[in-house]
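Here are the chains, one letter per residue:
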Amino acid sequence: MTDARDQQAAADARLDDEAELRRWTPQEVVEKQLLPYKSVRVLKQKCYRRQVHHHNDGGRITFTLDDIRRENVRTAVTPFVQGGAK
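The structure contained in this document is the topic of the report that follows. (Residues numbered from 1 in each chain as written. Predicted model: local features only at pLDDT ≥ 70, side-chain atom pairs only at ≥ 80, totals over all residues. Heavy atoms only, no water.)

## Notes on helix α4 (residues 65–74)
By the burial criterion, the buried members of α4 are L65, D67, I68 and E71. Viewed along the axis of α4, the buried residues span an arc of 160°, placing them on a single side of the element. (Buried < 20%, exposed > 50% of the residue type's maximum accessible area, 1.4 Å probe, protein only. Helix = DSSP H or I, 4+ residues; strand = E, 2+ residues; numbered from the N terminus. Arc of directions from axis to C-beta.)

Spelled out as structure tokens, the structure:
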């Protein structure tokens, strides 16, 4: 039973490593809703204007997991607390 858990943990770790190295296209990012953009065209335009974290791999726009994380942090909204804490 422990062997099965160890094998599953190893497989999960391998998938995590592969996810860190994976590159997503703008189409995949929009399709999987990894960033809050509904149009591939808008996402590409923001990349051309250097308004979104991305990579230019051989002239093609791609996104790493780190790019997606950084963009989600950049666009996060901090809630406003009314009336102060008591």
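## Re the environment of S39
Counting through the fold element by element, S39 comes out in the loop between α2 (26–31) and α3 (40–48). Looking at S39, the relative accessible area reads 28%, which means it is partly exposed. Reaching out from S39, the side chain makes a polar contact with the backbone nitrogen of R41 at a distance of 3.2 Å. A polar contact is formed between the side chain of S39 and the backbone nitrogen of V42, at a distance of 3.3 Å. (Polar contact = N/O pair within 3.5 Å; in protein donor to acceptor, adjacent residues only side chain to side chain.)

## Some remarks on the side chain of E71
You can see E71 is positioned in helix α4. When its relative accessible area of 1% is taken as the criterion, E71 is described as buried. Ignoring anything within four residues of it in the chain, the contact list for E71 reads L35, Y37, Q51, V52 and H53. (Contact = heavy atoms within 4.5 Å.)

## A look at the nonpolar core
Grouped together as the largest cluster of nonpolar side chains are 12 residues: W24, V29, V30, L35, Y37, L43, C47, V52, I61, F63, L65 and I68. When residues of this core are traced back to their parent elements, those giving at least two are α2, α3 and α4. Sequence-distant contacts of L65, that is, excluding residues within four places in its chain, are made with A19, E20, R22 and W24. (Core = buried A, V, L, I, M, F, W, Y, C linked by side-chain atoms within 4.5 Å.)

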